[in-house]
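Coordinate analysis (summary)
Listed here are the chains, written in short residue letters.
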Amino acid sequence: MTRAWRHLLKALHLKTLSRWTPKTCSSLSAGAFWTSVTRRGLHTKPSMPPCDFTPERYQSLAYSRVLEIHKQHLSPVLTAYFPEPLLLHQGHMEWLFDHEGNRYLDFFSGIVTVSVGHCHPKVNAAAQRQLGRLWHTSSVFFHPLIHEYAEKLSALLPEPLKVIFLVNSGSEANDLAVLMARAHSNSTDIISFRGAYHGCSPYALGLTNVGIYKMDLPHGMGCQPTMCPDVFRGPWGGSHCRDSPVQTIRKCSCAPDCCQAKDQYIEQFKDTLSTSVAKSIAGFFAEPIQGVNGFVQYPKGFLKDAFELVRERGGVCIADEVQTGFGRLGSHFWGFQTHDVLPDIVTMAKGIGNGFPMAAVVTTPEIAKSLAKRLLHFNTFGGNPVACAIGSAVLEVIKEENLQENSQEVGTYMLLKLAKLRDEFEIVGDVRGKGLMIGIEMVKDKVSHQPLPREEVNQIHHDCKCMGLLIGRGGLFSQTFRIAPSMCITKPEADFAVEVFRSALIQHMKRRAK
């Protein structure tokens with residue numbers, strides 16, 4: 001079904017065919033929740049937009065059995081949201097359905113992964129066709145789909161970024177990019193930002209600078225952190241500094257074409273180059289907008305100056321587009337383009353396959369040759385026929401359904417509405433982002449910028465879920481809500497999300513007042 005037809009259905013307000021109100025919440029039932037809210041002056045609950053899809057009846061493991069199996073046989077690392085984790089059963093475009101048939105508007109898209117919508121019919125059809133034809137060959141044999149996909153993907157990247165290595169995950173892509181940078185530069189040291197997340201594989205762990213992902217054992221040797229130029233939480237930056245429809249509330253004296261904060265952060269970057277790495281370096285990794293750290297944006301012009309300094313030291317510049325790529329930022333297809341820079345290596349994953357395990361490293365012919373001289377690089381599953389069929393379908397859907405343009409239009413619309421909540425609530429410290437990559441940073445107050453305690457953020461998060469909205473978390477203290485829905489969402493759905501979030505904030509402020 002095309003986006004135009006889906007818009008028409010919603011404009012006609014078709015009656016939804018599936019339930020939406022969660023039956024229970026671990027701390028407060030949906031009915032009790034809304035009784036509590038209305039008694040405090042909130043007169044109507046947010047009305048969930050209609051959905052033209054009916055999920056299948058869940059007929060698998062009982063919830064209690066799922067919990068038992070998870071405890072006995074799966075990783076003990078606690079990653080699931082909510083005291084009673086959601087048991088999801090089915091997805092359709094921007095919607096998810098749990099084992100009880102409850103419907104949720106998915107505004108985190110599997111951690112910024114489902115780019116064009118859950119089970120998009122065109123992507124599904126491409127996968128099913130290829131599953132009936134050929135699954136796997138490995139790179140010792142050719143198949144046409146990898147060549148068709150390579151041609152399509154390379155056409156979306158500027159010269160000289162034309163050589164593609166297909167792999168299976170973002171961590172794997174970033175590990176390979178580290179090897180490329182070191183092979184080409186004949187140097188070891190690589191710089192990445194504090195707050196950066198580039199994966200949990202051996203090399204990527206060194207690049208990742210978020211405390212909970214650090215080990216007390218040797219890993220990721222030769223990686224050096226540098227200050228993150230965060231214009232909200234950092235020492236410099238204000239109301240003119242970032243490339244976003246919404247700026248920080250901190251005032252600054254920058255002129256429109258000259259960011260003083262950028263210059264001060266660049267001095268910190270120079271200090272890292274002078275004190276923490278060798279005279280010649282291998283490279284510099286940067287996410288165009290930091291993902292796990294809460295969608296942090298840098299001052300305009302920072303990456304351009306930083307790239308120049310890195311190249312003066314013989315290093316290469318790597319853009320980690322795992323979360324920002326494929327049109328999500330709206331104004332450009334790739335995040336690095338929003339900074340007016342040209343990287344030497346680009347890594348990508350997540351949205352590339354709409355949830356299917358797929359990733360890529362794209363680089364120049366010269367860097368590719370440097371790797372080939374030193375390593376017989378081989379990847380068993382990278383570029384398999386099913387992945388390439390899905391990847392091609394995703395690119396076609398983004399173009400045919402104008403999803404990049406939709407990200408720009410709906411994302412900007414939602415950002416501006418969320419900015420009004422920052423003005424309304426003392427605990428909303430910052431609203432930031434581009435397109436459909438939006439961060440809402442929660443604070444104790446706007447003066448101290450101290451993070452809102454985790455238990456309070458948990459309550460707001462839980463209340464949103466109880467009203468049918470799923471959003472993500474990020475930041476060094478898990479204090480930032482991350483909003484990154486599939487790029488097919490509509491303005492009525494954005495309205496619903498903002499209304500739910502506002503309702504959750506009202507409920508929380510009432511709890512606080514008690």
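Per an unreviewed UniProt entry, the protein chain goes by Alanine--glyoxylate aminotransferase 2, mitochondrial and derives from Odocoileus virginianus. Checking UniProt for the protein chain, the heading Subcellular location (unreviewed entry) contains the comment "Mitochondrion". The annotation that UniProt attaches to the protein chain under Cofactor (unreviewed entry) is "pyridoxal 5'-phosphate".

Before going further, it helps to examine the sheet that holds strand S1 (residues 88–92). Across the sheet, which stays open at both edges, the 4 strands sit in the order S1-S2-S3-S13 with mixed pairing between neighbours. Looking at strand neighbours, the two that pair on one side only are S1 and strand S13 (469–470), the edges of this open sheet. Pairing of strand S2 (residues 95–98) with strand S3 (residues 103–106) involves 3 bridges; the strand directions are antiparallel. Residue Trp95 lies in a different strand from S3, and its bridge partner there is Leu105.

A word on the packing of aromatic side chains. Evaluation of the coordinates by the stated rule reveals 15 aromatic pairs. Where Phe193 meets Phe284, the ring centres are 5.4 Å apart and the plane angle is 90°; that geometry is what we call edge-to-face. In this pair, Phe193 sits in strand S5 (residues 190–193) while Phe284 sits in strand S7 (residues 283–286), placing the two residues 91 residues apart along the sequence. A single burial state applies to Phe193 and to Phe284, both of which are buried. Each ring, one from Phe269 and one from Phe284, has its centre 5.0 Å from the other, and the planes form 65°; the classification is edge-to-face. Of this pair, Phe269 sits in helix H9 (residues 260–275) while Phe284 sits in strand S7, and the two are 15 residues apart along the sequence.

Okay, the pattern of salt bridges next. Across all of its chains, the model carries 20 salt bridges by this definition. Between Asp305 and Lys262 there is a salt bridge, with its nearest N and O atoms 2.9 Å apart. One end of the pair, Asp305, is in helix H10 (residues 302–312); the other, Lys262, is in helix H9, with 43 residues separating them in the sequence. Residue Asp305 is classed as partly exposed on the basis of its relative accessible area, which comes to 26%. Residue Asp463 pairs with Arg511 through a salt bridge whose shortest N-O separation is 3.0 Å.

Look at helix H6 (residues 144–154) against helix H12 (residues 385–400): their axes get within 9 Å of each other, and the N-to-C directions meet at 35°. The two elements H6 and H12 meet at a crossing, and its hand is left-handed. Two secondary-structure elements touch here, H6 through Leu145, Ile146, Tyr149, Lys152 and Leu153 and H12 through Pro385, Cys388, Ala389, Gly391, Ser392, Leu395 and Glu396.

Let us look at the sheet that holds strand S12 (residues 437–442). The antiparallel open sheet is built from 4 strands, whose spatial order is S11-S12-S15-S14. Lying at the two open borders of the sheet, with one neighbouring strand each, are strand S11 (428–434) and strand S14 (472–474). The mean inter-strand angle of the sheet, taken between neighbouring strand axes irrespective of direction, is 25°. Of the strands in this sheet, S11, S12 and strand S15 (480–483) touch helix H13 (residues 403–424), which is tilted by about 170° from S11.

Before going further, it helps to examine a nonpolar patch on the surface. Together, Val140, Phe141 and Phe378 give the surface a local cluster of nonpolar side chains, amounting to about 340 Å² of exposed area. Of note, Phe378 is situated in the loop between helix H11 (365–374) and H12.

Taken together, the buried positions of H10 are Phe302, Leu303, Ala306, Phe307, Leu309 and Val310. One face of H10 carries all of its buried residues, which in axial projection span an arc of 165°. Seen from the open side of H10, the exposed residues pointing more than 90 degrees away from its buried face are Glu308 and Glu312. Buried residues along H10 sit against S5, H9, S7 and strand S8 (316–320). Among the residues trailing H10, Gly314 stands out with phi positive, at a value near 85°.

Counting buried residues in S8 gives 5 out of 5 residues, a clear majority hidden from the surface. Burial along S8 is two-sided: Val316, Ile318 and Asp320 and Cys317 and Ala319, pointing in opposite directions, are all buried. Sheet topology note: the S7/S8 ladder contains 4 bridges and is parallel. Across the sheet, the residue bridging to Phe285 is Ile318, located in S8. For the handedness criterion, the β-α-β arrangement of S7, H10 and S8 is classed as right-handed.

In total, this model carries 0 disulfides according to the counting rule given. Looking at the unpaired Cys488, the closest cysteine sulfur is the one in Cys51, lying at 11 Å.

Our next topic: the environment of Gly325. Mapped onto the secondary structure, Gly325 falls in the loop between S8 and strand S9 (345–348). When the C-alpha positions of Gly325 and Gly335 are compared, they lie 5.9 Å apart, and in sequence the two are 10 residues distant. In contact with Gly325, other than residues within four places in its own chain, are Phe333 and Trp334.

The subject of this paragraph is unusual backbone geometry. Pro160 follows Glu159 through a cis peptide bond whose omega is 0°. Relative to the assigned elements, Pro160 resides in the loop between H6 and strand S4 (163–167). Even without glycine at this site, Lys350 takes up a positive phi of about 50°. Mapped onto the secondary structure, Lys350 falls in the loop between S9 and strand S10 (359–363). For Asn354, which is not glycine, the phi dihedral falls at a positive 55°. Looking at where Asn354 falls in the secondary structure, it is placed in the loop between S9 and S10.

Looking down a regular strand, the side chains alternate between one sheet face and the other. With respect to burial, S11 is a largely interior element, 7 of its 7 residues being buried. Pairing of S11 with S12 involves 6 bridges; the strand directions are antiparallel. Bridge pairing links Arg432 to Gly439 in S12. What sits between S11 and S12 in their antiparallel hairpin is a turn of 2 residues, with Gly435 showing a positive phi close to 55°.

So, about the side chain of Arg328. Mapped onto the elements of the fold, Arg328 is located in the loop between S8 and S9. Buried charge without a partner: Arg328 forms no salt bridge, and the closest opposite charge is Asp106, 9.0 Å away. In terms of polar contacts, Arg328 uses its side chain to reach the backbone carbonyl oxygen of Leu436, at 2.7 Å. Looking at Arg328, its side chain comes within polar contact range of the main-chain oxygen of Pro485, at 2.8 Å.

Rules used in this analysis
Residues numbered from 1 in each chain as written. Predicted model: local features only at pLDDT ≥ 70, side-chain atom pairs only at ≥ 80, totals over all residues. Heavy atoms only, no water. UniProt positions renumbered as here; feature names shortened; annotations may be inferred. Pairing = 2+ DSSP bridges. Helix = DSSP H or I, 4+ residues; strand = E, 2+ residues; numbered from the N terminus. Phe/Tyr/Trp six-rings, centres within 6.5 Å; stacked < 30°, edge-to-face > 60°. Buried < 20%, exposed > 50% of the residue type's maximum accessible area, 1.4 Å probe, protein only. Salt bridge = Lys/Arg side-chain N within 4 Å of Asp/Glu carboxyl O. Axes fitted to C-alpha atoms, helices over the stretch in contact; angles between N-to-C directions. Left-handed = near helix turned anticlockwise from the far one by under 90°. Contact = heavy atoms within 4.5 Å. Patch = residues over 30% accessible without salt bridge, like charges linked within 9 Å, V, L, I, M, F, W, Y side chains within 5 Å. Areas by Shrake-Rupley, 256 points an atom, 1.4 Å probe, with all protein chains shown as cover. Arc of directions from axis to C-beta. Right-handed = clockwise from strand over helix to strand, strands pointing away. Disulfide = S-S within 2.5 Å. Lys, Arg positive; Asp, Glu negative; His and termini not counted. Polar contact = N/O pair within 3.5 Å; in protein donor to acceptor, adjacent residues only side chain to side chain.

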